[in-house]
Amino acid sequence: MIRRLLAHLFRRPPEIRREATVLVTMHGAQRAWLEARDRRRAAAQTERWGADCQREQRYWTAVMREIERQTGYRHQPDTATRILKR
């Protein structure tokens, strides 16, 4: 019962699964993840503000996570990027 409830709460909406599947089919795992990241960045740079912009960013973040879930791909920044973030 609890497992079914948790599965229902954490299930990805069908449009997110569909978007991730299409991107992976078209581009492969790594390029699909990068494409979703680029779309999230583009959503952040639009002139829209507020809830609509945040909703679109959350959508693309969820697509990125779904791509990771479907393919097992984990994006690792290069060594220079990791060092600079310290």
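Everything below is about the structure shown above.
Conventions used here
- Every chain is numbered independently, its residues counted from 1 as its sequence is written.
- It should be noted that, the model being predicted, local features are given only for residues of pLDDT at least 70 and side-chain atom pairs only at 80 or more, the latter also being counted only at that level, while totals for whole chains, interfaces and linings use all residues.
- Side-chain metrics in this entry use all non-hydrogen atoms of the structure; hydrogen atoms and water are not considered.
- Think of a salt bridge as a Lys or Arg side-chain nitrogen and an Asp or Glu carboxyl oxygen that are within 4 Å of each other.
- Runs of H or I in DSSP of at least four residues are treated as helices and runs of E of at least two as strands, each being numbered from the N terminus.
- Relative accessible area decides the class of each residue, using a 1.4 Å probe on protein chains only: under 20% of the type maximum gives buried, over 50% gives exposed, and in between gives partly exposed.
- A pair of Phe, Tyr and Trp rings is counted when the ring centres sit within 6.5 Å of each other, with Trp represented by its six-membered ring. The angle between the planes then sorts it: under 30 degrees is stacked, over 60 is edge-to-face, the rest tilted.
- How far a helix is expected to stretch is found by multiplying one less than its residue total by 1.5 Å.
- Starting at the helix axis, one direction is taken to each C-beta atom, and the arc is that of these directions.
- Working rule for contacts: check all heavy atoms of both residues, and any pair within 4.5 Å makes them a contact.
- Buried residues of nine kinds, namely Ala, Val, Leu, Ile, Met, Phe, Trp, Tyr and Cys, make up a nonpolar core once their side-chain atoms join them within 4.5 Å.

Novice: Please clarify how the pattern of salt bridges should be interpreted in this entry.
Specialist: Applying the stated criterion to the full structure yields seven salt bridges. Where Arg31 meets Glu35, a salt bridge forms, and the shortest distance between an N and an O atom there is 3.5 Å. A residue pair is termed a helical-turn pair when its members lie 3 or 4 positions apart in one helix, as Arg31 and Glu35 do in helix H3 (residues 29-44) at four residues. Arg31 sits in the partly exposed class, given a relative accessible area of 38%. Judged by its relative accessible area of 17%, Glu35 falls in the buried class.

Novice: Explain the packing of aromatic side chains here, please?
Specialist: Aromatic ring pairs: the centre-centre distance and the angle between the two ring planes describe each pair. What the rule picks out here adds up to two aromatic pairs. Ring plane angle 85° and centroid distance 5.1 Å describe the contact between Tyr59 and Trp60, whose orientation is recorded as edge-to-face. Trp60 gets classed as buried once you look at its relative accessible area, which sits at 8%.

Novice: Looking at this structure, how should I read helix H2 (residues 14-27)?
Specialist: One turn of an α-helix holds 3.6 residues; hence residues three or four places apart share an orientation. A rise of 1.5 Å per residue sets the reference length of H2, with its 14 residues, at 20 Å; its end C-alpha atoms lie 20 Å apart and thus fit the reference within 8%. When H2 is considered as a whole, its buried residues turn out to be Ile16, Ala20, Leu23 and Val24. Buried positions in H2, seen along its axis, are confined to an arc of 95° and lie on one side of it. For H2, exposure combined with an orientation more than 90 degrees from the buried face picks out Arg18, Thr25 and Met26. The elements touched by buried residues of H2 are H3 and helix H4 (51-71).

Novice: So what exactly am I meant to see when it comes to the nonpolar core here?
Specialist: Within soluble globular proteins, side chains that are nonpolar tend to cluster in buried spots. Membership of the largest hydrophobic core comes to 14 residues, with the highest contact counts inside it found for Leu23, Ala32, Trp33, Ala36, Trp60, Val63 and Ile67. Here the element with the most residues in this core is H4; it accounts for five residues. Look past the residues within four positions of Val63 in its chain and what remains in contact with it is Ile16, Glu19, Ala20, Leu23 and Ala36.

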